[in-house]
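Working through the structure, step by step
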Amino acid sequence: MTESEAIDTAKKRLGKRSIVLVGLMGCGKSSIGKRLAARLGLPFIDADEEIERAAAKTINEIFADHGEAHFRDGERKVISRLLSNGPQVLATGGGAYMHPETRQRIRENGVSIWLRADLPVLMRRVMKRDTRPLLREGNPEATMRKLIEARYPIYAEADMTVDSRDEPHDLAVNEIVNRLATSSAVPTGPVQPPSPSRSVRIELGDRAYDVLIASGLLSDTGALIKSRLGAVKCGVVTDENVARHHLATLEESLKSEGLFAGSIVMTPGEGTKNFRDLATLSERLLELGLERGDLVVPLGGGVIGDLAGFAAGILRRGIRFVQIPTSLLAQVDSSVGGKTGINTPQGKNLIGVFHQPSLVIADTSVLTTLPPRQMRAGYAEVAKYGLLGDAKFFSWLENNWQGVFGNNGPALTKAIETSVAAKAAIVARDETETGDRALLNLGHTFGHAFEAWTGYSDKLLHGEGIAIGMCLAFRLSEELGLCPAGNADRVTAHFKAIGLPTRIADIPQTGADADELWRLMGQDKKVRGGKLAFILVRGIGDAFVSRDVPPDTVKAFLKREIAR
Ligand SMILES: NC(=O)c1ccc[n+]([C@@H]2O[C@H](COP(=O)([O-])OP(=O)(O)OC[C@H]3O[C@@H](n4cnc5c(N)ncnc54)[C@H](O)[C@@H]3O)[C@@H](O)[C@H]2O)c1
C-alpha cells in the first residue's frame, strides 16, 4: 500500500470516529498528534487547552482552586463534547483515560491510541517544563513511577499501543497510519449517539417523584437537587466499592452547589443491612446535623438504598431522601417504589418502612464499573418485568440483550426505562402491596429461600436467586397445567445465554433439602394467614398471585428440582 493509499484507507475506516491519544505527560501526545493530524488532513485538538478555555483558568489554577475531582469532572464533560465533532485527532490529559465514563465515550466514538514511553524518556521530556501540576512537589521521578504503576494497566485497554521513543516522531506517525489502515484492532463501526436521557414519573399524588435516567447525571446531582428540592444539606451514604469509583464526583457536584454535609462509607454487602449498622448510620447522620428539611442521599446498590432509605424513614420521624442507584438492580428495581428495610436472622427485609424518595437519579454510566456478575444479577430483575407483564419486552430482550450489556448505549437506557415504567405503573396502582404489587415478587418466594439457605453469602446474589426462582415459577406453572409447555424452556434458555443460574444445582452449595427450603419459604413476607402467596404464570408476560398451591405439591416439586 502506498502512503497516500494508507491515508485514504485509514480515513475511510475512521469514518466519524476521532483518534484519541492517551498516555502520560511527556509521551508525545501533542507533538505526535499534530504531525498525525497534518498527515491525515484532520483538525488537531488539545483537550487540556479546551478545558482551560471553557474554565477561563489554567489547569494549575483549576487544580489549586477546586481540586482534582472538579478538574476531572470538567475534563469528562469537555472530552465528551469534543468527541461529538469527529473525525479529528484529540490529545487528552494524562489522567483523562482513567475516568471510566470518559473511557466509555472514547470507546463509543473514537479509536484510542496509547503512546507508551518508558520512565527515562518521560523524565527527560517533562523536566524541560515546569507546568505539570502532578509533578510540582516532592520527588518527580517517584511520582512518575507511581503514575506508571497506576495508569499503564488502564492505558493498556486502548485500541492500539505505539511506543514513543527518542527518535523522529514521524516514525510513530507512519506506524499509526499503517495500523489505522490495516489493523483489525481498529474499531470501525458507526459512532454511538449519546445515550438518550429519560424521565419516568412515579404517580403518587403529593408524593409523586421522577426517576431521571441518563449517562453522566452523577456530576449534575448538585444542580438537580438544588433546582428541584431547594438549597438543602445532603448526607451521602455509600459503600467502599462505590466510593472508590464515584464518591468524589458526587461530593464535588454537591459541594459546587453548597449542599454537601458529609459522607458515610459503609462496608459493602448484604451483611450491612442489619440493626447494628442501621443504628450506627442513623447516629452518624444525626451527627452530620441533618434537619427535617434536609436529605439523605444513598449512593449505591440495593443494600445501601434499602438501609439508608430506612434510616431516612426513621430519622427525626422521617426526612426526605434522593436515591442514586449504582447497580443495575438498584436502577431498575430497589430505588423505585419506596420499600426500605433491613434483614434479621428470621429472614430478609422483615423490618422496614415504606418511605418514598423525593427523586431518583439513575446515571447509566456508573454501571461501567459494576462487576459483570452483578450486572447479570441485575438483569434478572429487568427480565422479570417482561416475564410478569410484558411479553413484547421479553422478546425485545431476547434480541437485544447484548446491547444492554455493551457500552452504556441506547439499549441499556431503553431496558432501564421500560423496567422503571413497569414498576412505576404497578407502584402507582398498589403502593403498599395489598394487591398486584405482589406480582413484582415473581421468582422471589423461591429466590429468598435460596438466599437464606446460602446464608446471604456470595454463593448466590439476590438477582441470581431470583433468576432460579423465576425458572422454577415457570416450571411449577407448567406442571400445574396453568401455562403451556415450552415457556419455561424459553426463559431458561435466555438466562443461560446471559450466564445466569437456572437450577438449584447451579448454586455452589450441596445438601439442598426440600423440607428445609419449604421451611425457609415460609419465612417470606408473602405469607398471609399461614398461606404462602405464589406468583405463577399463564405464559410469558402473564403472571398472577395464587394462594392455593398445596404445600405437598410444592415440596414434591422442590424434590424434583433439587435432583434436576
Ligand atoms: N427495596 C426494594 O424494593 C428492593 C427490590 C429489590 C432488591 N432489593 C434489595 O437490594 C439488595 C440487592 O441490591 P444490589 O444487587 O444492588 O446489591 P449491593 O447493593 O450489594 O450491590 C452489589 C455489589 O456491587 C457493588 N457496586 C454497586 N454499584 C457499583 C458500581 N457502580 N461500581 C462498582 N461496584 C458497585 C456494591 O458495592 C456491592 O458489592 C438486596 O438487599 C435486596 O433485598 C430491594
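Since this is a predicted model, take the numbers as computed values, not measurements.

The rules behind these values
Residues numbered from 1 in each chain as written. Predicted model: local features only at pLDDT ≥ 70, side-chain atom pairs only at ≥ 80, totals over all residues. Heavy atoms only, no water. Helix = DSSP H or I, 4+ residues; strand = E, 2+ residues; numbered from the N terminus. Rg over C-alpha atoms; globule rule 2.2 N^0.38 Å. Buried < 20%, exposed > 50% of the residue type's maximum accessible area, 1.4 Å probe, protein only. Contact = heavy atoms within 4.5 Å. Areas by Shrake-Rupley, 256 points an atom, 1.4 Å probe, with all protein chains shown as cover. Pairing = 2+ DSSP bridges. Expected span 1.5 Å × (residues − 1). Axes fitted to C-alpha atoms, helices over the stretch in contact; angles between N-to-C directions. Salt bridge = Lys/Arg side-chain N within 4 Å of Asp/Glu carboxyl O. Parallel < 35°, antiparallel > 145°, perpendicular 65-115°, else oblique. Left-handed = near helix turned anticlockwise from the far one by under 90°. Near = heavy atom within 4 Å. Polar contact = N/O pair within 3.5 Å; in protein donor to acceptor, adjacent residues only side chain to side chain. Arc of directions from axis to C-beta.

Attention now goes to the overall build of the protein. Within the protein, the regular secondary structure consists of 22 helices and 18 strands. Computed over C-alpha atoms, the radius of gyration of the protein comes to 26 Å, within 12% of the 24 Å expected from 2.2 N^0.38 for 564 residues, which places it in the range of a compact globule. Taking the principal axes of its C-alpha atoms as reference, the protein extends roughly 80 × 60 × 40 Å. For the protein, buried positions account for 56% of its 564 residues. For the protein, contacts bridging at least 24 residues in sequence account for 76% of all contacts bridging at least 6. Carbon and sulfur atoms make up 50% of the accessible area of the protein, which amounts to about 22700 Å² in all.

Further remarks concern the pairing of strand β1 (residues 18-22). Counted residue by residue, β1 has five buried out of five residues, so it is predominantly covered. Along β1, one buried face is formed by S18, V20 and V22 and the opposite face, lined by I19 and L21, is buried too. Here β1 runs beside strand β4 (residues 110-116); their pairing, made up of five bridges, is parallel. Bridge pairing in β4 places I19 opposite V111. With three bridges connecting them, β1 and strand β3 (residues 89-91) associate as parallel partners. From the neighbouring strand, I19 faces β3, where its bridge partner is V89.

Once that is clear, we can look at helix α15 (residues 372-389). For α15, with 18 residues, the first-to-last C-alpha span of 27 Å sits near the 26 Å given by 1.5 Å per residue. α15 sits mainly inside the fold: 13 of its 18 residues count as buried.

With that out of the way, let us pick up the sheet that holds strand β5 (residues 160-163). Judged by pairing direction, the sheet is parallel, and its five strands sit side by side in the order β2-β3-β1-β4-β5 without closing on themselves. Every other strand in the sheet has two partners, leaving β2 (44-46) and β5 as the edge strands with one partner each. Ignoring strand direction, the axes of neighbouring strands in this sheet form an average angle of 25°. Bridging between β2 and β3 involves three bridges; their strand directions are parallel. From the neighbouring strand, I45 faces β3, where its bridge partner is L90.

This brings us to the pattern of salt bridges. Applying the stated criterion across every chain, the model contains 42 salt bridges. Across the pair D65 and K57 runs a salt bridge, and its minimum N-O distance is 3.0 Å. You can call D65 partly exposed: its relative accessible area is 47%. Between R124 and D166 there is a salt bridge; the shortest N-O distance is 2.5 Å. Taken together, the residues R124 in helix α7 (residues 119-126) and D166 in the loop between β5 and α9 (169-182) connect sequence positions 42 residues apart. Taking relative accessible area as the criterion, R124 reaches 46% and is therefore assigned partly exposed. The structure contains a network of salt bridges with shared partners spanning E270, K273, D306, K348 and E451.

Attention now moves to the packing of α15 against helix α20 (residues 487-498). Between α15 and α20, whose axes approach to 11 Å, the crossing angle comes to 155°. The orientation of α15 with respect to α20, classified from their angle, is roughly antiparallel. Crossing handedness for the pair α15 and α20: right-handed. Between α15, through R376, Y379, A383 and L387, and α20, the contact on the second element is made entirely by V491, H494, F495 and I498.

The next thing to look at is the site of the ligand. Around the ligand there are 27 residues in total, and D239, G302, T326, S327 and T369 lie nearest to it. At a separation of 2.9 Å, a nitrogen atom of the ligand approaches a polar side-chain atom of D306. Taking K348, its side chain carries an N or O atom lying 2.9 Å from an oxygen atom of the ligand. Those elements giving two or more residues to the shell around the ligand turn out to be α11 (240-256), α13 (302-314), α14 (328-334) and β13 (347-354). The element that contributes the greatest number of residues to the shell around the ligand is α11, accounting for four residues.

For helix α1 (residues 3-14), which comprises twelve residues, the first-to-last C-alpha distance of 16 Å matches the rise-based estimate of 16 Å (1.5 Å per residue) to within 8%. Inspection of α1 places A6, I7, A10 and L14 among the buried residues, and these make up the whole buried set. Along the axis of α1, the buried residues cluster in a sector spanning 100°; they form a single face. Buried residues belonging to α1 abut β1, α2 (29-40), β4 and α9.

Inspection of the secondary structure puts D277 in helix α12 (residues 275-287). For D277 and T221, which are 56 residues apart along the polypeptide, the C-alpha to C-alpha distance reads 26 Å. The contacts of D277, once residues within four sequence positions are left out, are M266, G271 and T272.

Here strand β17 (residues 534-539) lies mainly inside the structure; five of its six residues are buried. Between β17 and strand β18 (residues 542-546), which pair antiparallel and follow one another directly, the connecting turn spans two residues, one of which, G541, has a positive phi of 85°.

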